[in-house]
Amino acid sequence: MATMLITGGSGAIGAELVRRLVAEPKADRIAVLTRAPGAARQAMLLESWRAGAKVPVGFVRGSMLTLADAAADMRADITHVLHLAADTRFSAPPEELRAANVDGTAAVLAFAGRCPRLSAVAVASTVYVAGLRQGTVREPELEHEAGFANAYEASKHEMERITRAAMRDLPVAVYRLSTAIGEEATGKVTSLNAFHTALRLVYGGMIPMIPGAADTPIDVISTDYAARTIQHLLGERFQAGATYHLCAGTSAPLLGDLLEASMRIMRERRPAWRKRAIEMPVLADERTYELFARSVLESGDPMMIAAAQAVESFARQLTRPKVFDTSEADAVLAGVTARPDSMQLCEDVIRYCIENEWRAAA
Amino acid sequence: MNTTSSTNPATATVAAAGIGIAELAYYLPPDRRSLAELHRDGLLSGSVDTLASFGFQYAHLANGETHLDMAVHAARDVLDRSAIDPAEIGLLLYATALTSSATMAANRAAERGSVLRLDTVAECFQYPASTLQAELELTRAAVAGVDQQGCASLMAAMRLGRAMLVAEPELGAVLCVSADAFPSNEPRDVVYNIVSDGACAVLLRSAARNRILACGHVTKGSYWDAAALEPEVIAAYFPTARNLILSTLARAGLELDDIALVIPHNVSRRSWEILCGLLKLPQDRVYMDNIARVGHTVAADNILNLRDAIDEGRVAAGDKLLLFTFGFGLNWGCMVVEH
């Protein structure tokens with residue numbers, strides 16, 4: 001039997017994953033690392049996890065950097081480490097992103113290396129370690145010279161480098177996720193990210209243009225899909241040294257379709273919004289978009305600057321269309337879990353956001 | 001509201017009528033000041049550097065001249081150029097952007113510490129359009145004012161004038177005049193552009209040149225309080241502008257590549273550089289020379305630019321031209337013309 005240590009368990013994907021893991025008797029104990037076990041969300045999560053749980057679950061107080069001390073008394077029992085914690089703010093200062101995503105991961109891997117019963121370490125990453133590459137991105141690939149759209153991507157790329165280095169000594173697999181936007185069927189959103197922020201700005205009539213082309217893929221997944229694929233890969237098909245793309249891949253919706261669906265849903269769901277006659281943002285080439293963004297900065301208008309900066313954090317990514325190849329993930333997930341209809345997911349999430357006034361669920 | 005004209009079968013009717021801009025003229029007051037001078041005189045609220053980077057250098061100020069004085073200048077110029085008998089003009093449309101320009105009291109503002117102040121109800125009935133008709137001796141002309149469309153008012157007047165000529169050919173000719181003088185001592189920068197005073201006049205009639213092929217107009221009334229919604233206004237501007245230009249071209253049966261020259265408003269060179277990027281339109285096909293040397297005349301940008309483009313030999317017979325403007329309200333106006 002196993003003791004599983006999870007970082008990032010209170011995030012949107014982590015919470016769903018823990019809920020699934022405690023429901024199956026494959027571990028003796030699940031410990032979730034948290035910096036603030038008394039916080040309201042953690043308390044609520046713990047209560048929800050324990051309802052019907054078949055496995056004891058609890059919080060361990062500490063950070064990634066203090067993990068060695070925080071989990072010292074359970075180190076001898078740990079068999080699985082699932083590292084989901086990350087700083088996902090695109091616009092955060094690079095040093096903060098590096099501290100969380102690189103130094104934090106290094107500390108988790110170092111701790112894992114001192115667990116005598118360790119059998120598996122799963123590290124969650126992002127498909128956007130591909131940065132500004134274009135075309136097809138394959139799962140084994142990591143190194144490139146294309147640069148990155150933001151400091152978050154750069155920090156995760158560096159994180160993967162140290163993770164790959166650790167594969168020489170540890171049983172480590174990397175699960176690269178694309179943007180998790182909400183739950184299947186309900187569209188429920190528990191954590192807002194750049195996807196929701198951008199659509200909220202479109203809804204508010206604050207986005208005149210978006211860089212990219214109509215056929216630019218926008219790779220999004222549901223939190224459910226991310227959780228159930230990680231659960232299966234870690235619990236049933238763990239393979240040390242593997243890297244998997246857990247994303248929409250070739251079924252990713254296209255930017256033009258996504259914008260048109262968004263405008264249609266906004267018109268349908270909010271009759272009052274129709275009065276504003278807000279136009280769909282124009283798809284702009286990179287040079288035009290950058291000229292507009294520069295003009296906004298020169299204007300000094302704080303509202304326009306805030307809107308432009310929200311788009312700026314991922315703007316360059318939209319001008320570098322790419323498709324994440326999922327061959328290796330598909331090979332091990334075939335027949336186990338179906339990839340959701342990404343366009344339907346987007347529509348459900350947009351409806352949820354409009355009806356909940358762009359607030360995430362507790 | 002999004003309206004266009006010249007769809008089939010109306011296209012055939014209008015094309016057959018051959019209504020065009022038979023003559024055009026503008027007037028700018030002689031007081032021309034640089035950005036530095038405007039700043040020195042307390043007539044800028046924003047940064048000189050930012051305005052310069054957006055393409056502005058100078059503005060014209062109507063010191064002592066009223067909007068009506070400028071309107072008379074421009075209208076007389078058109079009448080002289082065309083040599084038309086004023087009695088041939090069946091309709092005078094007086095277009096204004098500023099509410100103050102639709103009154104006779106526009107120049108009182110500075111003295112009274114307000115932008116516009118009328119003292120008596122009787123002043124509400126004193127119309128500059130009527131005064132203009134009398135001044136120009138347009139004895140046969142019916143008179144109407146066109147306003148509440150910001151800097152798109154003149155284009156709206158031209159569209160109405162053309163429609164009237166199609167509907168009532170006996171009107172013979174329509175004179176569209178537009179003039180605006182900014183309230184004195186008010187900052188000249190509005191939403192990152194520099195406002196000049198000025199006037200223009202256009203004679204519409206059955207004409208061999210400057211035939212109007214299609215018109216388009218979009219009003220988005222939810223943005224009526226433009227000053228309070230400035231970021232939203234700027235965000236609305238670009239997609240609406242692009243869409244209106246493309247839809248008006250489509251109604252003329254043309255594509256952007258068919259347009260020899262775009263005759264723009266002068267609401268910043270930067271805005272045109274961005275709009276050109278969105279339209280994939282080479283910037284050298286937009287006549288932007290007057291943005292720096294004149295700034296944005298509320299009343300007259302398109303006609304000012306068309307007049308100068310013609311006089312500078314930038315337009316050849318048969319060239320297809322696209323006139324585009326934008327006004328508070330919000331209003332977007334577009335017109336395709338064959339020179």
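A few points on the structure. (Residues numbered from 1 in each chain as written. Chains lettered and ligands numbered in written order. Predicted model: local features only at pLDDT ≥ 70, side-chain atom pairs only at ≥ 80, totals over all residues. Heavy atoms only, no water.)

With that settled, the discussion passes to helix α4 (residues 67-82) of chain B. Taking 1.5 Å per residue, 16 residues should reach 22 Å; α4 of chain B reaches 23 Å between its end C-alpha atoms and fits that length. If you follow the buried residues of α4 of chain B, they end up packed against β2 (19-27), β5 (89-95), α6 (128-136), β7 (173-180) and β10 (198-206) of chain B. (Helix = DSSP H or I, 4+ residues; strand = E, 2+ residues; numbered from the N terminus. Expected span 1.5 Å × (residues − 1). Contact = heavy atoms within 4.5 Å.)

Residues and elements named next belong to chain A. Here helix α4 (residues 94-113) crosses helix α5 (residues 151-166) at 20°, and the two axes come no closer than 9 Å. In terms of their interaxial angle, α4 and α5 are classed as roughly parallel. Crossing handedness for the pair α4 and α5: right-handed. Counted together, P94, L97, R98, N101, V102, T105, A106 and L109 of α4 and A151, Y152, S155, K156, E158, M159, I162, T163 and A166 of α5 form the full contact between these two elements. Looking at the contact of α4 with α5 residue by residue, the classes come out as ten nonpolar, four polar and three charged. (Axes fitted to C-alpha atoms, helices over the stretch in contact; angles between N-to-C directions. Parallel < 35°, antiparallel > 145°, perpendicular 65-115°, else oblique. Left-handed = near helix turned anticlockwise from the far one by under 90°. Nonpolar A, V, L, I, M, F, W, Y, C, P; charged D, E, K, R; others polar.)

Note on terminology: a disulfide is the covalent bond linking the sulfur atoms of two cysteines. Scanning the entire structure with this criterion turns up zero disulfides over all chains. Free of any disulfide, C334 of chain B has its nearest neighbouring cysteine sulfur in C215 of chain B, separated by 8.7 Å. (Disulfide = S-S within 2.5 Å.)

Another point: the interface of chain B and chain A. Across the boundary between the two partners, chain B contributes 23 residues, which contact 25 residues of chain A. Summed over both partners, the interface of chain B with chain A buries about 2000 Å², with 61% contributed by carbon and sulfur atoms. Inspection of the region where chain B meets chain A yields three salt bridges. For the salt bridge of R270 of chain B with E298 of chain A, the shortest nitrogen-to-oxygen distance reads 3.5 Å. Linking chain B to chain A there are seven residue pairs in polar contact (both at pLDDT 80 or more). Elements that contribute at least two residues to the side of chain B that touches chain A include exactly α3 (48-53), α8 (230-251) and α9 (269-279) of chain B. With ten residues, α8 of chain B is the single largest residue contributor to the side of chain B that touches chain A. Here the residues of the side of chain B that touches chain A are counted per class, giving ten nonpolar, six polar and seven charged. (Buried area = accessible area lost by both parts, 1.4 Å probe. Salt bridge = Lys/Arg side-chain N within 4 Å of Asp/Glu carboxyl O. Polar contact = N/O pair within 3.5 Å; in protein donor to acceptor, adjacent residues only side chain to side chain.)

Moving on, we come to the sheet that holds strand β7 (residues 172-177) of chain A. Residue and element names in this part refer to chain A. Pairing is parallel in the open sheet, where seven strands are placed in the order β3-β2-β1-β4-β5-β7-β11. Only two strands of the sheet have a single neighbouring strand rather than two, namely β3 (57-61) and β11 (243-246). Recorded for the sheet is a direction-independent mean angle of 20° between the axes of neighbouring strands. Direction of pairing for β7 relative to β11: parallel, over a ladder of four bridges. Across the sheet, residue Y175 finds its bridge partner in β11, namely Y244. Sitting on the sheet, helix α2 (residues 40-50) touches β2 (29-34) and β3, and the angle it makes with β3 is about 150°. (Pairing = 2+ DSSP bridges.)

With that settled, the discussion passes to the packing of aromatic side chains. Residues and elements named next belong to chain A. In total, this model carries 14 aromatic pairs over all chains according to the counting rule given. Between Y128 and F324, the ring centres sit 5.4 Å apart and the planes meet at 85°, which makes this aromatic pair edge-to-face. Here Y128 is found in the loop between β5 (120-126) and β6 (135-137), whereas its partner F324 is found in strand β13 (residues 322-324), with 196 residues between them in sequence. A single burial state applies to Y128 and to F324, both of which are buried. (Phe/Tyr/Trp six-rings, centres within 6.5 Å; stacked < 30°, edge-to-face > 60°. Buried < 20%, exposed > 50% of the residue type's maximum accessible area, 1.4 Å probe, protein only.)

Residues and elements named next belong to chain B. Where nonpolar side chains cluster on the molecular surface, the patch consists of V121, F125 and Y127 and spans about 350 Å² of accessible area. Checked against the element boundaries, F125 lands in the loop between α5 (109-112) and α6. The exposure class of F125 is exposed, given its relative accessible area of 56%. (Patch = residues over 30% accessible without salt bridge, like charges linked within 9 Å, V, L, I, M, F, W, Y side chains within 5 Å. Areas by Shrake-Rupley, 256 points an atom, 1.4 Å probe, with all protein chains shown as cover.)

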